[in-house]
Amino acid sequence: MARYALMIAALVGFLVTAGVAVLLLPILQKIRFAQPAKRLTGPEWHKQKAGTPTLGGLAFLVGSVCAAGAACFGLNFLDAKLLNTHQKMNLVLAVACAMAFAAIGFTEDCLKVVLHRRRGLHAWQRLLLEAVVTTFLLLGLHYNGALETGMVVPFVGYFDFGIAYYPLAYALILALVNCVHLTDGIDGLCASVSFVVMLGFLVICGLLNAFQLSLFAAGLAGALVAFLLWNFYPAKLFMGDTGSLFLGGAIVSIAFCMGWPSLLMLLGAAFLLEGLTVVLQLGWHKLSHGKLLFKMAPLHAELELKGWSETRITAAFAALAAAMTLLALLFAYVS
């Protein structure tokens, strides 16, 4: 029954996302809710992307939420033993957290497109809102009895961090969510890497007896396949900040709700690499009084300036994500 539930979640995620995208695209074109030019510098072809409809993340948001809901609702009638109250609360918490991050992204999209504010929210405003959502997630885990102050460090062992766990949790969540956001820079990149990560969660949730969260992962995986029909190069629809922050929120919430936040260091490696290049660029720029370590950051922008095509970059990042996902599977299996 569990296998069929996962298949149904993936299928519902795919079909609902495809249907929403078909309806959403002409609406966005009509109201001219389109992608502004993201960069002032960089490859010339990015200027051609201005005017492409954005806010497409709403499609896979609706698709994945409907998929998880439909699968959970169906199991209540067919085999209620698979989901107890505690598990249902964890699933609701993961979905709600992802949607809360998406709401921040939606605000940014509206500020960029409607009010023509190129950067959307100020950095401190977005971080403050993300910190509020992170607090909501940790409090939800606490009240559901799923919050511990320790974690298993990959291939090292279990450590109880005590009170230091909380700043570490905030740092990891905020870093990962914003690294996912950075990856939404070229056609299909963020969605492709996130799809690989969701496949990893799908298997790991089974290994670690977190079946309820695998319903969300399966639904989102199916939804991302449908979205890539519009988002893969050349993109006809962008996910916008709504979509990228939803994906970031989904990734961190699944990991924390299953009690294995340390998995983010492996499953999120491709995203964290993007963020690391930005941190190194900014740090070197400050220490060297204006010099640059890379031609451009994050990493995918550097590769573009070196002549890599968008499809080659997407394939390379997806391959890296797949390799790290296999490592995460090995880690979960031996642990």
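All of these numbers come straight from a predicted model, not from anything done at the bench. (Residues numbered from 1 in each chain as written. Predicted model: local features only at pLDDT ≥ 70, side-chain atom pairs only at ≥ 80, totals over all residues. Heavy atoms only, no water.)

A.B. asks: Could you clarify how one ought to interpret the overall build of the protein chain in this entry?
C.D. replies: A tally of helices and strands in the protein chain yields 12 helices and two strands. Secondary structure elements of the protein chain, listed N to C terminal, follow the sequence α-α-α-α-β-β-α-α-α-α-α-α-α-α. A compact globule built from 335 residues should have a C-alpha radius of gyration of about 20 Å, and the protein chain, at 19 Å, falls within 12% of that. Split into buried and exposed, the 335 residues of the protein chain put 52% on the buried side. Residue pairs at least 24 apart in sequence account for 76% of intrachain contacts in the protein chain once pairs closer than 6 positions are excluded. (Helix = DSSP H or I, 4+ residues; strand = E, 2+ residues; numbered from the N terminus. Rg over C-alpha atoms; globule rule 2.2 N^0.38 Å. Buried < 20%, exposed > 50% of the residue type's maximum accessible area, 1.4 Å probe, protein only. Contact = heavy atoms within 4.5 Å.)

A.B. asks: How should I be thinking about the environment of L272 in this particular structure?
C.D. replies: Note that L272 resides in helix α10 (residues 269–287). Owing to a relative accessible area of 23%, L272 belongs among the partly exposed residues under this scheme. Along the backbone, L272 and N178 are 94 residues apart, and their C-alpha atoms lie at a distance of 9.1 Å. Excluding residues within four positions of it along the chain, L272 makes contact with L176, C179, L264 and M265.

A.B. asks: So what exactly am I meant to see when it comes to the pairing of strand β1 (residues 150–153) here?
C.D. replies: The two faces of a sheet get side chains in turn, since along a regular strand they alternate between them. Both β1 and strand β2 (residues 157–160) contribute to a ladder of four bridges, which runs antiparallel. Looking at β2, one finds that M151 is bridged to F159. Counting the residues that bridge the hairpin from β1 to β2 gives three residues, and of these F155 lies at a positive phi of roughly 60 degrees. (Pairing = 2+ DSSP bridges.)

A.B. asks: In this structure, what is going on with α10? I would like to understand it.
C.D. replies: One full turn of an α-helix is made of 3.6 residues, so residues set three or four places apart face in the same direction. Counted at 1.5 Å a residue, the expected span for α10 with its 19 residues is 27 Å, and the 26 Å between its end C-alpha atoms agrees. All of the buried residues along α10 are A269, A270, F271, E274, G275, T277 and Q281. In this fold, the buried residues of α10 make contact with α5 (165–183), α6 (189–207), α8 (240–257), α9 (264–267), α11 (299–305) and α12 (310–334). H289 sits one or two residues past α10 and shows a positive phi near 60 degrees. (Expected span 1.5 Å × (residues − 1).)

A.B. asks: Just checking my understanding: could you explain the pattern of salt bridges for this structure?
C.D. replies: Two side chains with opposite charge may pair up if their charged atoms get near one another. For the structure on display, the rule yields four salt bridges. For the salt bridge of R126 with E108, the shortest nitrogen-to-oxygen distance reads 2.8 Å. Taken together, the residues span a long stretch of sequence, with R126 in helix α4 (residues 123–143) and E108 in helix α3 (residues 85–113) at a distance of 18 residues. Just as R126 is buried, E108 falls in that class too. (Salt bridge = Lys/Arg side-chain N within 4 Å of Asp/Glu carboxyl O.)

A.B. asks: What is the right way to look at the packing of α4 against α8 in this model?
C.D. replies: A pair of packed helices is characterised by two quantities: the angle between their axes and the separation of those axes. As a packed pair, α4 and α8 sit with axes 11 Å apart at the nearest point and diverge in direction by 25 degrees. Of the possible angle classes, the one that applies to α4 and α8 is roughly parallel. For the crossing formed where α4 meets α8, the hand is right-handed. Here α4 contributes E130, L137, L138 and L141 to the contact with α8, which in turn contributes L245, S253, F256 and C257. Here the residues of the contact of α4 with α8 are counted per class, giving six nonpolar, one polar and one charged. (Axes fitted to C-alpha atoms, helices over the stretch in contact; angles between N-to-C directions. Parallel < 35°, antiparallel > 145°, perpendicular 65-115°, else oblique. Left-handed = near helix turned anticlockwise from the far one by under 90°. Nonpolar A, V, L, I, M, F, W, Y, C, P; charged D, E, K, R; others polar.)

A.B. asks: How should I be thinking about the side chain of N231 in this particular structure?
C.D. replies: Its location among the elements puts N231 in helix α7 (residues 211–231). A polar contact of 3.1 Å, which involves the side chain of N231, links it to the backbone nitrogen of G188. A polar contact is formed between the side chain of N231 and the backbone oxygen of L237, at a distance of 2.9 Å. Those residues within four positions of N231 in sequence are excluded, and the remaining contacts are D187, G188, A191, L237, F238 and M239. (Polar contact = N/O pair within 3.5 Å; in protein donor to acceptor, adjacent residues only side chain to side chain.)

So far we have only geometry, and geometry alone does not tell us how the molecule works.
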